[in-house]
Amino acid sequence: MKNMWKEHIFIFLLVSFCMCTGKSDFAPYFYDNGGGSENGNMALFSVAEDTPVGSHVYTLNGSDPEGDPVTYGMTFDKGSKEFFSVDRKSGNVTLIEGLDREVQDEIVAVVIITDGRNQVEENVRVFVTDANDEKPEFLNLPFVVDVPEDTSSGSSIFRVQAVDRDLGSGGSVSYFLQSPSTKFTIDGHSGVLRVKPGESLDYERYLNHFVTVVAKDGGGKYCGKYQIMTSTAVITINVLDSQDSPPVFVGIPYFGYVYEVSVPGSEIFTVFAKDGDQNNPNNIHYSILTGSDGLFNINSTSGCISLTSFPVQLKNELYELKVQASEVGPDKQFVDYAITTVTIRVLDLNNHPPTFYGENGLQNRFDLTMYEHPAEGEILRGLKITVNDSDQGANAKFRLLLVGPGRVLRVVPQTVLNEAQVTIIVENATAIDYETNQFLTFKLLAVEIDTPERFSATADIVINLLDTNDNIPKFSSEFYIARIPENSPGGSNVVSVTATDPDSGLWGQVKYSMYGSGSDLFLIDPTSGIIYTETWASLDAEVKSKYNFYVKAEDTEGKYSLAEVFVTVLDLNDHPPEFNEDVLEKTMIIGAPVKIQAVDEDAEEPNNLIEYSIMKADPDNIFDINTSTGEIKLKPYIKSMEIVQNISKQKECKWSLVVQARDRGLPSFSTTAVVKIDITEVSQLKVHMAAFLMQSRDNPMKAFGMVASIISVMVLVTVMISTVMYLRNTKSNRITPARRIIRRKPRERRSWSFRPAFTHIDGNHEKFLMDDETRSNRNVDDDNSSKAKPPAPVCPPPPPSESQRPLPTVSGALMARKCSRGSSWKSKKKSSDDVQKSRRNKDSSSISSALVSELKMKIEQKIIEANQGYYY
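It should be emphasised that the depicted structure is a prediction, and the values quoted were computed from it without experimental measurement. (Residues numbered from 1 in each chain as written. Predicted model: local features only at pLDDT ≥ 70, side-chain atom pairs only at ≥ 80, totals over all residues. Heavy atoms only, no water.)

Before going further, it helps to examine the overall build of the protein chain. A count of helices and strands for the protein chain gives 6 helices and 60 strands. By residue count, 35% of the 872 residues in the protein chain fall in the buried class. Counted over contacts in the protein chain with a minimum sequence separation of 6, partners at least 24 positions apart contribute 66%. With the model as given, the accessible surface of the protein chain reaches about 52,800 Å², and the carbon-plus-sulfur share is 52%. (Helix = DSSP H or I, 4+ residues; strand = E, 2+ residues; numbered from the N terminus. Buried < 20%, exposed > 50% of the residue type's maximum accessible area, 1.4 Å probe, protein only. Contact = heavy atoms within 4.5 Å. Areas by Shrake-Rupley, 256 points an atom, 1.4 Å probe, with all protein chains shown as cover.)

Encoded structure:
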């Protein structure tokens, strides 16, 4: 009641508001644009079933009389599928479900338009138009047809039917055969299948035919493209048999035999024929037409041919009988027939098998004794074998086979008629080996070839082999490796070598010996092959640790083989490390280590590996030692002589250390030495060179290589500078003659100025270059200078009667004398080295000044003489 009361109050207020404002409220409406339009109220709207999902298919369009904005909607019946969705603002209708006209050809929906206060709904029907999306479907599958084989050509035997649910041309169906058939054809419109004119069916050749028929619609558009839909089905045609074929003999040609022991009534052969029409066959009747001469008879029902007389009465060896097989129809009359030939041969009875004979008659075992490895192709003449078959003709033909170890022997001949002498030939001499088999056994077989009985005979061939010395002794290995400790007593066993000779008797006995430069300290037992050391031999790994020599195994006839023996003398730790002196004196520069070295004469590691340690030092916190290299250096915190002097409390810093050198062998040996170290210090500029020289005392080749490298660089630089100077001076000495020569009065002589240039080379060499103003331009060009070039003076031309003379110039290089003397790093020689160095510098300076002055005077004199006789 309260809710109803509230609704009435709301309506009253709303009506009062409208009356006060004086406005009307009209419902919105759809535009009705009729069929074929793409916007409006969807009246008479249709959509194709192949429209893709998500496509925009229509636009709802309407208006509100008051001009208020409107929104759109669409609803479907409860339980039905919603095919469209509507954008509320724009009214765009979108397909959201796939369409299938064959399933649903129209869609019922309600379209809605509202201005927010009034809502208008209209029922619409959307028609789904057809597209060619269905294939033709065959009815009454599968297609199986039974057709008698005597059906006449052109007769209809079956009708296929297919339907297509599409409309228009897409729903029309036509037919054709997928592969052109030689027996059948089909009507394209009705689907009637017929036997092709001029063709017939034959049950005896083809019991079944399989024809593939295609149903094709009339075509139509689908998704904007034109397409034709087809379906296929297979028609199985079973051909039924009819009585139209004559009898057929089975198993031809026919051959029969009459033997010497046959009696009248003996069955010789049985023929068999069957009706050619297998579906409903008739009975067969047999008869002999010609060729029997009254000697043979045939059973009319079974077709069995029998002998009517004794074989001795048969005059011919071969008889050919014409036998007829006739079909018996339902009225006991012969319907159809067939004729064949039966060949009968009169034969000797095969009643004698092959037989082997020896020198003394019948024999089935043959023995032979021979040496191994006969020559290939050799005939075993000790075997006298004859084989015989007493039958005649084909019954006496047989094959000889030799069964045994493959391809060792072969038998000749391989095919025999009646009788032959058997020959055995060697084919593989290597396989006849006494060491492999002391005797060989073969089976000699004689087997008939063309007889049904296949009679055969067997004989054993046993070959006893005699041995020959055909093998050489062979070592168990191509080389032997032995190890023996050094200092082993004389007569110690080293290694045992073994060789075998498979020959028998004395040929198989082996005698050992050895030779080679490495066998001087060893002996070998000639029978056992044991190698041992000489009683006086002393093996020392430090003297020689590797021995190798050859051992020889020889039989009684001198056949032998060799093997190599490698003997390694194992090192024992029997030498202690040794220093060169018991007391070692070393000078140590702060920052550079000193190195001590001990030598262990043992041959192998770890016996000759040495570890160094400081056993005693006072104080003991000054030095460290590298246990592997023996380098002794100061503790890292000691970086100057002041620290050392503070520790030692003395001005002269000398220490004595007790250093131990111990090897790593078992047992381990050690040696000690006293190392006296004098600690000194060099200037900061020389510390690296001093350290290098101190480190090079134990490796003089390193220092020599460094000095040689420095000298090579200096020589190369000097040669290059000299070459450049020579080329420059040569160019400056050329003066080009003038074309016009005028003799004039002499003018005042110009003064020449000289500008020496000195360049330091490697700190010790100096060079100087003197140029006059006439060569200033050349020097500026060569130096690639950008400064202004002063004008060069021009020399006066020579008189016409005198020949041109070159202007003499002088250039030279001055190198100071270099003195190198050996120096010591000890502090007491440092002052004398400085004095000598200053003296050398003074001497070099005075010599350079004297040479420059003398050279300048000579150049001025030459210029004065060259200018004599030239006038302007």
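Right, picking up where we left off after that structure.
A few words now on the pattern of salt bridges. Evaluation of the coordinates by the stated rule reveals 13 salt bridges. Arg101 is the salt-bridge partner of Asp130, the closest N and O atoms lying 3.0 Å from each other. Here Asp130 is found in the loop between strand S10 (119-129) and strand S11 (137-138), whereas its partner Arg101 is found in the loop between strand S8 (92-95) and strand S9 (106-114), with 29 residues between them in sequence. Looking at Arg101, the relative accessible area reads 13%, which means it is buried. Of the charged contacts, one joins Glu134 and Arg165 as a salt bridge, the two residues approaching to 3.4 Å between their closest N and O atoms. Residue Glu134 is found in the loop between S10 and S11, and its partner Arg165 is found in the loop between strand S14 (162-163) and strand S15 (173-177); the two are separated by 31 residues along the sequence. A relative accessible area of 45% places Arg165 in the partly exposed class. (Salt bridge = Lys/Arg side-chain N within 4 Å of Asp/Glu carboxyl O.)

In this section: the sheet that holds strand S29 (residues 318-328). Across the sheet, 4 strands lie side by side as S23-S30-S29-S26; this open sheet has mixed pairing. Strand pairing shows two members of the sheet lacking a second neighbour, strand S23 (254-259) and strand S26 (283-290), which therefore form its edges. Ignoring strand direction, the axes of neighbouring strands in this sheet form an average angle of 30°. As defined by bridge partners, S23 adjoins strand S30 (residues 334-347) across 6 bridges and the pair is classed as parallel. Its bridge partner being in S30, Tyr259 is matched across the sheet by Leu347. (Pairing = 2+ DSSP bridges. Axes fitted to C-alpha atoms, helices over the stretch in contact; angles between N-to-C directions.)

Here we take up the pairing of S29. Most of S29 is tucked away, with 8 of its 11 residues classed as buried. Sheet topology note: the S26/S29 ladder contains 7 bridges and is antiparallel. Looking across to S29, one finds that His285 is bridged to Ser326. Here S29 runs beside S30; their pairing, made up of 10 bridges, is antiparallel. When the sheet's bridge partners are listed, Leu321 is paired in S30 with Val342. Connecting S29 to the antiparallel partner S30 that follows it, the hairpin turn spans 5 residues, and Lys332 within it adopts a positive phi of roughly 65°.

So, about the side chain of Glu564. Mapped onto the fold, Glu564 is located in strand S49 (residues 560-570). No salt bridge is formed by the buried Glu564, whose closest oppositely charged neighbour, Lys544, lies at an N-O distance of 12 Å. A polar contact of 3.1 Å, which involves the side chain of Glu564, links it to the side chain of Asn548. Excluding residues that lie within four positions of it along the chain, Glu564 makes contacts with Glu478, Phe479, Tyr480, Asn548, Phe549 and Tyr550. (Lys, Arg positive; Asp, Glu negative; His and termini not counted. Polar contact = N/O pair within 3.5 Å; in protein donor to acceptor, adjacent residues only side chain to side chain.)

So, on to the packing of aromatic side chains. In the structure shown here, the tally under the stated rule is 15 aromatic pairs. A ring pair is formed by Phe475 and Tyr480, whose centres lie 6.3 Å apart and whose planes are at 75°; its orientation type is edge-to-face. Owing to a relative accessible area of 9%, Tyr480 belongs among the buried residues under this scheme. Seen from their ring centres, Phe475 and Tyr512 are 6.4 Å apart, and the 50° between their planes marks the pair as tilted. Placement of Phe475 in strand S41 (residues 474-475) and of Tyr512 in strand S45 (residues 511-515) is noted, with a sequence separation of 37 residues between them. Exposure class is identical for Phe475 and Tyr512. Each is buried. One aromatic cluster in this structure is built from Phe138, Phe143 and Phe158. (Phe/Tyr/Trp six-rings, centres within 6.5 Å; stacked < 30°, edge-to-face > 60°.)

Grouped together as the largest cluster of nonpolar side chains are 30 residues, with contacts concentrated most on Phe356, Leu380, Leu400, Leu409 and Ile463. When residues of this core are traced back to their parent elements, those giving at least two are strand S33 (365-371), strand S34 (385-388), strand S35 (397-403), strand S36 (409-412), strand S38 (419-426), strand S39 (439-448) and strand S40 (456-466). Tallying contributions element by element places S40 first for this core, with 5 residues. Of all hydrophobic cores here, the second largest spans 27 residues; its members include Ile632, Leu657, Val659 and Ile677. (Core = buried A, V, L, I, M, F, W, Y, C linked by side-chain atoms within 4.5 Å.)

Tracing the backbone through its elements, the reader meets Gly198 in the loop between strand S17 (192-195) and strand S18 (208-217). The spacing of Gly198 and Thr182 is 16 residues in sequence and 10.0 Å in space, taken between C-alpha atoms.

Our next topic: unusual backbone geometry. The omega torsion across Leu141 and Pro142 is -5°, close enough to zero to call that bond cis. Among the structural elements, Pro142 can be located in the loop between S11 and strand S12 (143-148). Cis peptide bonds are those with omega within 30 degrees of zero, and the linkage from Val412 to Pro413 qualifies with -5°. With respect to the helices and strands, the residue Pro413 is situated in the loop between S36 and strand S37 (415-417). Not every positive phi belongs to a glycine, and Asn140 is a case in point at roughly 65°. Look at Asn140 and you get exposed, because its relative accessible area is 66%. Backbone geometry at Arg407 places phi at a positive 55°, although glycine is not the residue there. With respect to the helices, strands and loops of the structure, Arg407 is situated in the loop between S35 and S36. By relative accessible area, Arg407 is classed as exposed at 63%.

Turning next to the sheet that holds S39. Within a sheet, adjacent strands bond to each other through the backbone by hydrogen bonds, running parallel or antiparallel. Across the sheet, 5 strands lie side by side as S33-S40-S39-S35-S37; this open sheet has mixed pairing. Edge positions in the sheet fall to S33 and S37, since each of these pairs with one other strand and no more. Along the sheet, successive strands turn relative to each other by an average axial angle of 25°, direction set aside. Here S39 runs beside S40; their pairing, made up of 9 bridges, is antiparallel. Across the sheet, Ala446 pairs through a bridge with Ala457, a residue of S40.

With that settled, the discussion passes to the confidence of the model for the protein chain. Reading fine detail from the predicted coordinates is not recommended where pLDDT is low. When pLDDT is averaged across the protein chain, the result is 78; 78% of the residues are at 70 or more. Segment residues 735-845: pLDDT under 50, and 142 contacts once partners within four positions in sequence are set aside and those in other chains are kept. (pLDDT = per-residue confidence, 0-100.)

This paragraph deals with the environment of Thr230. As for its position among the elements, Thr230 is in strand S21 (residues 230-240). Residue classification places Thr230 among the partly exposed positions, given a relative accessible area of 35%. Separated by 11 residues in sequence, Thr230 and Gly219 have C-alpha atoms that sit 9.6 Å apart.

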